[in-house]
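Inside the fold
Residue strings, one per chain:
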Amino acid sequence: MSVAKKDYKRITTKSLIEMKSNGEKISMLTAYDYTMAKIVDTAGVDVILVGDSASNVMAGHETTLPITLDQMIYHASSVVRAVERALVVVDLPFGSYQSDPKEALRSSIRIMKESGGHAVKLEGGKEIKESIKKILHAGIPVMGHLGLTPQSIYKFGTYSVRAKEEEEAEKLIEDAQMLEKVGCFAVVLEKIPAELAKKVADSISIPVIGIGAGGGVDGQVLVIHDMLGMNNEFSPRFLRRYLNLYDEMTKAIGQYAADVKSSDFPNEREQY
């Protein structure tokens, strides 16, 4: 059944909780630069995630681990300058919050002050509880992230589905409930069984945003480069490509190069 959408001129953490309460799904996409963020915001996406996935899609690294706090601030500030409506959430990169709660707070303060972002996102459950509490006590909104946590890829050893076994599934539910209790405004669940994700979403009052977590959650997030088909090497089951920009851009750029070589570009109408 379709749900009437409230016209939010500006999305806040409160807006997202209202959306869940009203049964309205939440749309979320990544962006890492001004131009892309402008397009995503204008299109009406509710949340823009400045993800540490910039390490992969913008810098070409194999994992999210190499990206630095300074680099995340650069990407986030570029995005914030473009946005008028969406809530901008910024990933705390690997190494910027795991050592101790004070370091987590310092990193979060830098993101908020230097980028203008609206919230931060951290990966993990009870093991980072004190860091989350420290950040929240400073008045900084926090989004959690459970399930497949890419910053822990060398611990997991694989990008396969998480929480298929009962013990890990129970821990994930407990962690989600803990994130709500300490004051997180939302949580991302990545690559877990759809049935478990729905169980989590039904058990807490804060929004649950899924990526590879089925349709029983409160919203969805994808990496913009994957969704637009700019990356043709990544094809997980959960990805729907809405365009095939890799082929379209390759064709257009190839045509441009050919037109320059043949002196077809610029023609008489394209010069002064």
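Look up: the structure comes first, before these words.
All of the points below concern the structure found in this document. (Residues numbered from 1 in each chain as written. Predicted model: local features only at pLDDT ≥ 70, side-chain atom pairs only at ≥ 80, totals over all residues. Heavy atoms only, no water.)

This next bit is on the overall build of the protein. Helix and strand content of the protein: eleven helices and eight strands. Here the C-alpha coordinates of the protein stretch approximately 65 × 45 × 40 Å along the principal axes. Here the protein holds 272 residues, and the buried ones make up 47% of them. Looking at the protein as shown, the accessible area adds up to about 14,400 Å², and 52% of this sits on carbon and sulfur atoms. Averaged over its 33 positive side-chain charges, the protein has a centre that lies 5 Å from the centre of its 37 negative ones. (Helix = DSSP H or I, 4+ residues; strand = E, 2+ residues; numbered from the N terminus. Buried < 20%, exposed > 50% of the residue type's maximum accessible area, 1.4 Å probe, protein only. Areas by Shrake-Rupley, 256 points an atom, 1.4 Å probe, with all protein chains shown as cover. Lys, Arg positive; Asp, Glu negative; His and termini not counted. Charge placed at Lys NZ, Arg CZ, Asp CG, Glu CD.)

Now for the pattern of salt bridges. One pass over the structure, following the stated rule, counts 13 salt bridges. Here K38 and E84 are joined by a salt bridge, their closest N and O atoms 3.7 Å apart. Residue K38 is located in helix 2 (residues 34-42), and its partner E84 is located in the loop between helix 4 (69-80) and strand 3 (87-91); the two are separated by 46 residues in the primary sequence. (Salt bridge = Lys/Arg side-chain N within 4 Å of Asp/Glu carboxyl O.)

Turning our attention to the environment of F185. Considering the arrangement of structural elements, one finds F185 in the loop between helix 8 (166-182) and strand 6 (186-190). Accessibility expressed as a relative area gives 5% for F185, which makes it buried. In this structure, the C-alpha to C-alpha distance between F185 and V142, residues 43 residues apart in sequence, is 6.3 Å. Not counting the four nearest positions on each side in its chain, F185 is found in contact with T13, L16, I17, L87, V89, A119, P141, V142, M143, I206 and P207. (Contact = heavy atoms within 4.5 Å.)

Looking at where A213 falls in the secondary structure, it is placed in the loop between strand 7 (208-211) and strand 8 (219-222). For the pair A213 and L189, spaced 24 residues apart in sequence, the C-alpha to C-alpha distance is 6.5 Å.

Of all six residues in strand 5 (residues 142-147), six are buried; the element is thus mostly enclosed. What you see with strand 5 is no split at all: V142, G144 and L146 on one side and M143, H145 and G147 on the other are buried throughout. By the bridge criterion, two bridges tie strand 4 (residues 119-121) to strand 5 in an arrangement that is parallel. Bridged to V120 within strand 5 is V142. Crossover strand 4 to strand 5 through helix 6 (residues 129-137) is right-handed. (Pairing = 2+ DSSP bridges. Right-handed = clockwise from strand over helix to strand, strands pointing away.)

Estimated volume of the largest pocket: approximately 800 Å³. What lines the largest pocket is a set of 34 residues, and nearest its centre among them are S53, N56, V223, D226 and F234. At the level of secondary structure, the elements contributing two or more residues to the lining of the largest pocket comprise strand 1 (26-30), helix 3 (54-57), strand 6, strand 8 and helix 10 (224-227). Empty space within the second largest pocket amounts to approximately 670 Å³. Residue assignment for the lining of the second largest pocket shows that the elements contributing at least two residues are strand 1 and strand 8. When grouped by side-chain class, the residues that make up the lining of the second largest pocket number 18 nonpolar, six polar and four charged. (1 Å grid on protein atoms, 1.4 Å probe; cavity = no way out; pocket = protein on both sides within 12 Å on 5 of 7 lines; lining within 4 Å. Points joined across faces, edges and corners; volume = space filled by probe spheres on them. Nonpolar A, V, L, I, M, F, W, Y, C, P; charged D, E, K, R; others polar.)

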